[in-house]
Amino acid sequence: LNITASNVILNGDGYQINGTVFVTGASNVSVRNLKIDPAYGLIVNNTNDSVFENISIINSTIYGIWITNNSNRNNITNVSINATNGYGIKIDNGQNNTIDCLGSRISGPLLNDSYGIFTDQTRTSIKNCIISNFDTGIFNSGGTRAIYNNLTILGSLYEGIYLNTPASNSTISNIVINSSEYYST
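These notes cover the structure that comes with them.

Conventions and cut-offs
Residues numbered from 1 in each chain as written. Predicted model: local features only at pLDDT ≥ 70, side-chain atom pairs only at ≥ 80, totals over all residues. Heavy atoms only, no water. Helix = DSSP H or I, 4+ residues; strand = E, 2+ residues; numbered from the N terminus. Rg over C-alpha atoms; globule rule 2.2 N^0.38 Å. Buried < 20%, exposed > 50% of the residue type's maximum accessible area, 1.4 Å probe, protein only. Salt bridge = Lys/Arg side-chain N within 4 Å of Asp/Glu carboxyl O. Disulfide = S-S within 2.5 Å.

## Some words on the overall build of the protein chain
Here is step 1: The secondary structure content of the protein chain amounts to zero helices and 20 strands.
Here is step 2: For the protein chain, the C-alpha radius of gyration of 15 Å lies close to 16 Å, the compact-globule estimate for 185 residues.
Here is step 3: Across its three principal axes, the protein chain shows a C-alpha extent of roughly 45 × 30 × 25 Å.
Here is step 4: When each of the 185 residues of the protein chain is scored for burial, the buried share is 48%.

Written as structure tokens, this is what we have:
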């Protein structure tokens with residue numbers, strides 16, 4: 001399913017899409033109440049000021065959600081992801097994006113080189129998530145001014161949260177890490 005126009009509302013009403021939802025070159029898009037069964041679940045490409053809520057992604061083999069190519073100020077709320085390989089969420093080109101799981105789970109395959117959430121972008125906010133069974137729960141590869149709040153990270157092979165230089169001026173609060181080898185900054 002491709003969404004390329006701005007000001008679009010897609011309400012899946014709980015139905016399932018067997019394939020990728022691709023939102024590109026748009027703004028002010030709302031995708032909600034949807035189940036997705038793909039290799040890539042949701043790709044947000046060159047898309048700004050959009051909302052993705054009540055999304056369930058099952059059997060993701062590459063990225064559950066991929067925010068890329070100058071996608072800024074997007075909000076992802078109440079998302080659950082079952083990743084069978086790779087990444088739960090990857091943000092590699094877009095600033096000021098917010099992920100609020102509202103207590104939902106991002107579950108992984110417990111394999112090396114798998115990440116619950118990977119970001120290298122400025123002002124990524126991650127809150128209210130349960131992240132389990134990844135190599136690393138959250139991997140920040142240099143994104144500054146990140147906010148991590150009210151997170152539970154379970155069963156990581158290595159780091160619960162890894163902050164790579166120069167991941168400076170980040171705020172970390174109310175975090176529970178269990179069964180990880182260590183917490184690293």
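Read on, since the account is not over.
## Observations concerning the pattern of salt bridges
Here is step 1: Counted according to the given criterion, the structure contains three salt bridges.
Here is step 2: With its nearest N and O atoms 2.9 Å apart, the salt bridge here joins Glu53 to Arg32. Note that Glu53 is positioned in strand β7 (residues 51-60) and Arg32 in strand β5 (residues 30-36), a separation of 21 residues in sequence.
Here is step 3: Overall, the relative accessible area of 23% leaves Glu53 in the partly exposed class.

## Digging into the state of the cysteines
Here is step 1: Enumeration over the complete set of coordinates arrives at one disulfide.
Here is step 2: Put simply, Cys101 and Cys129 are joined by a disulfide, and their sulfur atoms are 2.1 Å apart. Its S-S torsion of approximately 75° makes the covalent link between Cys101 and Cys129 right-handed. A residue pair is termed long-range when its members are at least 10 positions apart, and Cys101 in the loop between β11 (98-100) and β12 (105-107) and Cys129 in the loop between β14 (125-127) and β15 (130-132) qualify at 28 residues. Just as Cys101 is buried, Cys129 falls in that class too.

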